[in-house]
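Now for the letters of each chain:
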Protein chains: 2
Amino acid sequence: MTTSPNHRPGTHVLADFWDCGPGLDDADALRRLLLSAAEACGARAINIKVHDFGEGAGVTGFALLAESHISAHSWPELGYLAFDIFLCGDRDPAPALDIFRRHYRPAREEIRRVERGLAFSDRAGGGR
Amino acid sequence: MTTSPNHRPGTHVLADFWDCGPGLDDADALRRLLLSAAEACGARAINIKVHDFGEGAGVTGFALLAESHISAHSWPELGYLAFDIFLCGDRDPAPALDIFRRHYRPAREEIRRVERGLAFSDRAGGGR
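Residues numbered from 1 in each chain as written. Chains lettered and ligands numbered in written order. Predicted model: local features only at pLDDT ≥ 70, side-chain atom pairs only at ≥ 80, totals over all residues. Heavy atoms only, no water.

Asker: How should the relation of the copies chain A and chain B be read in this particular structure?
Answerer: Screw-axis analysis of chain A against chain B gives a translation of 0.0 Å along the axis, an RMSD of 0.0 Å, and a rotation angle of 180 degrees. Those values place the two copies in the arrangement expected of a two-fold rotation axis. Among all residues of chain A, the one whose C-alpha sits closest to the rotation axis is Phe62(A), at a distance of 3.9 Å. Here 100% of the contact residues of chain A are again contact residues in chain B; the copies associate through an equivalent surface. (Least-squares fit on C-alpha atoms with pLDDT ≥ 70 in both. Contact = heavy atoms within 4.5 Å.)

Here it is, written out as structure tokens:
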């Protein structure tokens, strides 16, 4: 990753999805969602891995991107999904969030947005 | 993942490491660190993937854990590493953070700790 404007440390979004619809234990769906979410944000997926804990115990997955990552971990017994997306540069993670939201349909959610790598960047002297 | 006490949605730590020592472009080291960090936290690594962008452009990697994940993305030209670890239950991510800190030796850092899945958990009625 270089310091061209669209490769600076970027935005990390953490999403808690509660009271989701069905499908929190569907590994194939998660794999498709990770790929779709990456594409929707203009990101390139280097590797996608999804694991099914089996017997309704949830699924977990990760997309390693050239522009950082997307992850998701489900708790079907709680109706809960933990999702996060970190995209470098000025890329907007909202399309990925929308894709996951449309599929899992949480009745309630909490979204936290964290700008990475800003605290000392002025003093670090690196390019932004 | 189940709702036994050590499997509730847990703690997500985001670490920005600035002015790191050498090695931000060492993919083999990152792979070893991801595995060591998982073990140090008593976590089980399901899959570890590291990618080298080549020519000093940085490395990126993740460890998918039974207890969620660890990720790291480097910017050698900035001397910067973005690291995050999400562990379910009451597991403490500090050992992982220490392992990464000892290796990369940031002169400055910013650590943010986010408790996942708490906002509505009382009303969700799920087990904790």
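Asker: Hey, could you run me through the interface of chain A and chain B in this one?
Answerer: At the interface, 56 residues of chain A touch 56 residues of chain B. Taken together, the two surfaces of chain A and chain B that pack against each other cover about 4300 Å², and 68% of this comes from carbon and sulfur. A salt bridge links Arg116(B) to Asp16(A), with the shortest nitrogen-to-oxygen separation between them at 2.9 Å. Taken together, the connections running from chain A to chain B amount to 16 residue pairs in polar contact (both at pLDDT 80 or more). For the side of chain A that touches chain B, the secondary structure elements donating two or more residues are strand E1 (11–18), strand E2 (45–52), strand E3 (59–65), strand E4 (68–75), strand E5 (80–87), strand E6 (108–115) and helix H3 (121–124) of chain A. Per-class residue counts for the side of chain A that touches chain B are 25 nonpolar, 18 polar and 13 charged. (Buried area = accessible area lost by both parts, 1.4 Å probe. Salt bridge = Lys/Arg side-chain N within 4 Å of Asp/Glu carboxyl O. Polar contact = N/O pair within 3.5 Å; in protein donor to acceptor, adjacent residues only side chain to side chain. Helix = DSSP H or I, 4+ residues; strand = E, 2+ residues; numbered from the N terminus. Nonpolar A, V, L, I, M, F, W, Y, C, P; charged D, E, K, R; others polar.)

Asker: Can you walk me through the side chain of Asp84(B) in this structure?
Answerer: Among the secondary structure elements, Asp84(B) is positioned in strand E5 (residues 80–87). Arg116(A) provides the closest opposite charge to the buried, unpaired Asp84(B), separated from it by 5.2 Å. Within the local environment of Asp84(B), its side chain forms a polar contact with the side chain of His12(B), the two groups lying 2.5 Å apart. Looking at Asp84(B), its side chain comes within polar contact range of the side chain of Ser71(B), at 2.3 Å. Asp84(B) has contacts with His12(A), His69(A), Asp84(A), Arg116(A), His12(B), Val13(B), Leu14(B), His69(B), Ile70(B) and Ser71(B), leaving out every residue within four places of it along the chain. (Buried < 20%, exposed > 50% of the residue type's maximum accessible area, 1.4 Å probe, protein only. Lys, Arg positive; Asp, Glu negative; His and termini not counted.)

Asker: Any chance you could explain the sheet that holds strand E2 (residues 45–52) of chain B here in plain terms?
Answerer: The strands making up a sheet are joined through hydrogen bonds of the backbone, oriented either antiparallel or parallel. Residue and element names in this part refer to chain B. Ordered in space as E2-E3-E4-E5-E1-E6, the six strands form an open sheet in which the pairing is antiparallel. Only two strands of the sheet have a single neighbouring strand rather than two, namely E2 and strand E6 (108–115). Neighbouring strand axes in the sheet, compared pairwise and without regard to direction, differ in orientation by 5 degrees on average. Inspection of the sheet shows strand E1 (residues 11–18) paired to E6 by eight bridges, in the antiparallel sense. Bridge assignment links Val 13 to a residue of E6, and that residue is Arg 113. Against the sheet, helix H1 (residues 27–40) makes contact with E2, strand E3 (59–65) and strand E4 (68–75), and its axis sits at roughly 160 degrees relative to E2, the strand it touches most. (Pairing = 2+ DSSP bridges. Axes fitted to C-alpha atoms, helices over the stretch in contact; angles between N-to-C directions.)

Asker: Looking at this model, I keep getting lost on the packing of helix H1 (residues 27–40) of chain A against helix H2 (residues 94–104) of chain A. Mind explaining?
Answerer: The description of two packed helices rests on the angle between their axes and on the distance between the axes. Residues and elements named next belong to chain A. Where H1 meets H2, the closest approach of the two axes is 8 Å, and the angle between their N-to-C directions is 150 degrees. Between H1 and H2, the interaxial angle falls into the category roughly antiparallel. Our pair here, H1 against H2, has a crossing hand that is right-handed. Across from Ala 29, Leu 30, Leu 33, Leu 34, Ser 36, Ala 37 and Ala 40 in H1, the residues of H2 making contact are Pro 95, Ala 96, Ile 99, Phe 100, His 103 and Tyr 104. Classifying every residue of the contact of H1 with H2 gives eleven nonpolar, two polar and no charged. (Parallel < 35°, antiparallel > 145°, perpendicular 65-115°, else oblique. Left-handed = near helix turned anticlockwise from the far one by under 90°.)

Asker: Sorry, what's going on with the environment of Asp26(B) here?
Answerer: Residues and elements named next belong to chain B. Note on placement: Asp 26 falls in the loop between E1 and H1. Spatially, the C-alpha atom of Asp 26 lies 7.9 Å from that of Asp 52, the residues being 26 residues apart in sequence. A distance of 3.0 Å separates a polar side-chain atom of Asp 26 from the backbone nitrogen of Ala 29.

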